[in-house]
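What the coordinates show
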Amino acid sequence: MTTTAADARRRVLEDAVVLGARAPRLARRLGSHTASDALGAPEAQVLDPLPVVVDAKRWSSDAAIVEQRTRLAVAVLDDLYGPRRILETRLVPPEAVLADPNYLRPAIGLVPPPGRGPALSVAAVDLARSNGAPIVLADRLDVTHGIGLALEHRRALAAVHDRLHLELNPSGLLGWYAELRRAFTRASPEQVDDPRVVFLTPGAGWRGAAEHSYLARTLGFTVAEPGDLTVRDGALWFKSVGGAEPVHVVVRFVESVSCDPLELRGDAHLGVAGLLETVRRRTVAVANRPGAGIAENRVVFAHSATLCRELLGEEPLADTLPTWWCGNPVEQSYVLANLDRLIIRPVHAGGSVAVGRLLSRDAREELAGRISARGHLYVACAEIPLDTVPVWAGRVEQRGASMRLFTAIDGDTMSTMPGALTRSGGDLAGLLGATGPAHATELHDTWVVGARDHVAAHETHALGQVDLRASLSSRAAETMFWVGRNLERADAVIRLVRSIDQRVQQWPDIRWEANGAWWSAAMAAVATLAGVSGAPPTADLTGRALADSTAPRSLVTSLHHLLRGARSVTELFSADMWHVLGELTDGSVRLSIAAAHEQREAAGRLLTPLAALSGLASESMVRDPGWCFLDLGRRVERSVGTIDLLVALLGRPPDPVIAPVTYETALAATDSLVAYRRRYRSDIEPIAVADLVVNDLTNPRSVAYQVDRIRTDLARLPDRLTGGHLRVDTIEAEPWVATDRLWSIRSQVTTLSLEVELHYFAQIRSRTVRS
Amino acid sequence: MTAFTVHHVTRYRYEQPATLCHNEAHLCMRSTPDQTVDESWVIIDPAPDDRSERIDLYGNWVTYFSLQSPHEQLQVAATSRVRRTPTTRHESEWLPWEAARDAPRGVNAWDLTIESPHVPLLSELHRLTDGIFTPGRPLAEAVAELCRRIYDEFAYDPTATSVSTPLSDVLAGRHGVCQDFAHLAIAALRHLGLSARYVSGYLETLPPPGQPKLKGADASHAWASVRTPTGTWLDFDPTNALVAPDTHLTVAWGRDYSDVMPLRGVVMSSGATTQLDVEVDVERVDPSA
């Protein structure tokens, strides 16, 4: 028996206190999903623990509205980038559209004529209700944010409220994502049989980076930053470590205005030069089409009803937010007379949101001045009352809401997600994008309940088998390599400092023994590994080695690079690894703000997540090229670091008084002390130290072991670079006798590392020139 | 009728070899009612790996090309043979300027009436037209005076501005080059509600004996054009204070410089700097030769 929406809503309200109490669990869970948002990227959003329940019947009428809006947007785009009839006949005042920076002149004529492929592959509509009647707040067409969030939110909420989810059994979402994948794949130029789809994103740190990579992983598409793509011979190529691979569909998460620095104005690093030329030649399809944002123009929006009748021959199924265009003298005088009751925005999508009633007298006058001088650039909308949804704020409150519904477009077929991203907030301005605490909003998962042709909520394989293909961009490869190196750097510095601390604890006088020889050797090792320098040799460098963010290889610096790198290749790490990376982030923040006497403890706590990360890398990652580069980075760093450590501590024969402690320091810092004791059960002999730390292939910390792994990693990579010339001589001598041989191994490894960089990573930045 | 041969050579030298470049050129000349283009072609050295030609929204020729192997320099040479008749004048140019402002127009003309990337409609612009666009004054007469005002009040100074200098700086600094003056005139006219476009082209390098050499003759030149009440266009050159000049040769037109940049490109090179040389040579072809 199916639950009705009314029952479901009652259940949610009855259980609100229990559901609300799970908010922290929900946040933690999403923290590992949207890890990079949790790691400090902008736009981190709060998911409310209360789902919004929608009756299936209402959902289908909303879906009809969304689909009509989408058909209208396609018709508008076909016209504005084709015959421009709606401007010629002044159905929409041309100056409002022509002044919109999202109206891309080079894209005129680029959109194929109707019937020759869709202008849009995915669209979103923000739909609210006012006194029970649906009202459209906005269309989202250029870059559709939230598609990935909707799925992440559903998965998190379904897991946290597992019993409620089972009981209410809302329509599942995965079937829709399969449709979306089909829509993107089918956007491909017709001559391609097995199209390659990439997600073009501006990169880590930009809005939605985590969401896009999550979505890419779910759909099985590659994430590409602009630098990963290149246009050659009028076609588009993905620069993978195995060579250039053709791309047929670009799912664009970079704004249209930036997507091609050759033909459009925009930063050369945000777009792909020549992209529009590939579209023109029909070797590549961009979804959504470059310039789609013009259909979000607010004057076009204000004329929706007329356009719907003229272009589609249909009556609009829903009203749009009442909007006045200040380029029209009559409307302008209405707006100026009612500024305190209106919300003022620019004509083009995005831009600032000014709430008349919240402006100071001066600000309002200034705004009125701008509107009277250049009215065609502004629209105003009424602050209509919005119907509410229950929100958890320590107790249940009712707040105005708008639902973002998503539609996938495959030719003439549209399919709307049976769910939505609902946003609730204090006022309409916040839902329209106003920023500031007064306009804060929260997100809700939206459950469609009581659908008759119900797709089970628990379907697992609707997306089917995904062919991830083993391609890895050169950029991602380089990032993984450095993530690996920084992981080992961080590990080595903590272990060295800990090893020194332990010796000092055990033998409090060791610092002054043999004229401080042990201490200065230990500090030399610290200086080399962490890259701290400048202090007199007797000073204690350990604090700086841990927490000096200006030192090139200190613990905080290495963690910073490690985390920043990981954020830019989110899709290559599993949810578990993101969980650990989240701990590392917290830990490194604690370390960087720790007082001197707390640094040790803060650093010590990092060892476990670092070890967990290494462990997960070994145990839970497929040995694909991404893993190989991560491992290569680790092995290169560990061999170089171990040799540096040996040379710093044992480059000269130690004074007999401090010799045993010095050997112990070296063994403990290379995590080989226990192994040594188990194997030799004797006093520490320097030759045996060298054997265990350099030669021993069974010791995963030894140099020889690292070199062996480097060879294996290289052999796994495409477009092979041989590691055959790497030679590790067995060292059967005291380390100080063998320093030349140690240096030779070190320089072989660093040379190889440079070869890897040149062979696989060589990235050249582009720039714009003009005559 | 006068025949001309135009050579326009652009050379880039890169500090470090460029591995890949994509370029777009507006160098092939278009025909106009007063200008017949017999031939216009572009030779690129090294030979491009990819090249295509198309016509843009404004009816100009656009050449796209890319070089995909390392190169230290790039030369783009355009050669054109054109015949120019004296500029046709239209009676509508002598109608009151308000008639042009109030005339119905299509989308393409509307596009030239509002602001564009290099032409912001600054509020100070009215100072350029105050006292000139008086009620009922013939359009051509008012435009001539606007032209003269810019010529008199602004200093021609190739060192003062670059292609990225905003119009507000030109207005405040009272100096600039042909591009700036064209943008200034266009902005002033659009500010009044008139349709105005940016024209890129050439001047004769060495004028006939007895005539002065014009400013901008050694490089590509730029001027402006205003739409008359009947939809014809009246060219004028604020840099040289000329209305309806007879020997200006048109390459392309658009909303402003950004639509018709002679050559622009995106280059992949590890070097930071590019050395640029431009040579323009416009010769009158002796009809007896």
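Presented here is an overview of the structure given in this document.

Basis of the calculations
- Residues numbered from 1 in each chain as written.
- Chains lettered and ligands numbered in written order.
- Predicted model: local features only at pLDDT ≥ 70, side-chain atom pairs only at ≥ 80, totals over all residues.
- Heavy atoms only, no water.
- Helix = DSSP H or I, 4+ residues; strand = E, 2+ residues; numbered from the N terminus.
- Rg over C-alpha atoms; globule rule 2.2 N^0.38 Å.
- Buried < 20%, exposed > 50% of the residue type's maximum accessible area, 1.4 Å probe, protein only.
- Contact = heavy atoms within 4.5 Å.
- Lys, Arg positive; Asp, Glu negative; His and termini not counted.
- Charge placed at Lys NZ, Arg CZ, Asp CG, Glu CD.
- Buried area = accessible area lost by both parts, 1.4 Å probe.
- Salt bridge = Lys/Arg side-chain N within 4 Å of Asp/Glu carboxyl O.
- Polar contact = N/O pair within 3.5 Å; in protein donor to acceptor, adjacent residues only side chain to side chain.
- Nonpolar A, V, L, I, M, F, W, Y, C, P; charged D, E, K, R; others polar.
- Pairing = 2+ DSSP bridges.
- Axes fitted to C-alpha atoms, helices over the stretch in contact; angles between N-to-C directions.

In terms of regular secondary structure, chain B is built from 7 helices and 14 strands. Since a compact globule built from 289 residues should have a radius of gyration of about 19 Å, the 19 Å found for chain B is in line with a globular shape. By residue count, 56% of the 289 residues in chain B fall in the buried class. Put simply, 75% of the contacts in chain B that link residues at least 6 apart link residues at least 24 apart. Mean positive and mean negative side-chain charge positions of chain B (24 and 38 charges, respectively) differ by 4 Å.

At the junction of the two partners, chain B supplies 46 residues and chain A supplies 33 residues. Between chain B and chain A, a total of about 3600 Å² is buried, with carbon and sulfur atoms accounting for 53% of that surface. In this structure, Arg374 of chain A engages Glu115 of chain B in a salt bridge whose closest nitrogen and oxygen atoms are separated by 2.6 Å. Here chain B is connected to chain A by 14 residue pairs in polar contact (both at pLDDT 80 or more). Among the secondary structure elements, those contributing two or more residues to the side of chain B that touches chain A are strand 1 (2-25), strand 3 (50-55), helix 2 (107-110), helix 7 (257-260), strand 13 (263-269) and strand 14 (274-284) of chain B. It is strand 1 of chain B that contributes the most residues to the side of chain B that touches chain A, 8 residues altogether. For the side of chain B that touches chain A, a count of residues per class yields 21 nonpolar, 16 polar and 9 charged.

Moving on, we get to the side chain of Ser614 of chain A. For Ser614 of chain A, the location among the structural elements is in helix 23 (residues 599-619). Those residues in contact with Ser614 of chain A, other than ones at most four positions away along the chain, are Leu487 and Arg634 of chain A.

Sheet strands pair by backbone hydrogen bonding; their relative direction is either parallel or antiparallel. Residues and elements named next belong to chain B. The strand order across the open sheet formed by 5 strands is 11-10-9-8-12, and the pairing between neighbours is antiparallel. Only two strands of the sheet have a single partner each, and these edge strands are strand 11 (242-243) and strand 12 (249-254). In this structure, strand 8 (residues 196-202) lies alongside strand 12, joined through 5 bridges in antiparallel fashion. By the bridge assignment, Tyr198 is partnered in strand 12 with Gly254. Sheet strands in contact with helix 4 (residues 139-153) are strand 9 (221-227), strand 10 (233-237) and strand 11, and its direction is about 20° off that of strand 10.

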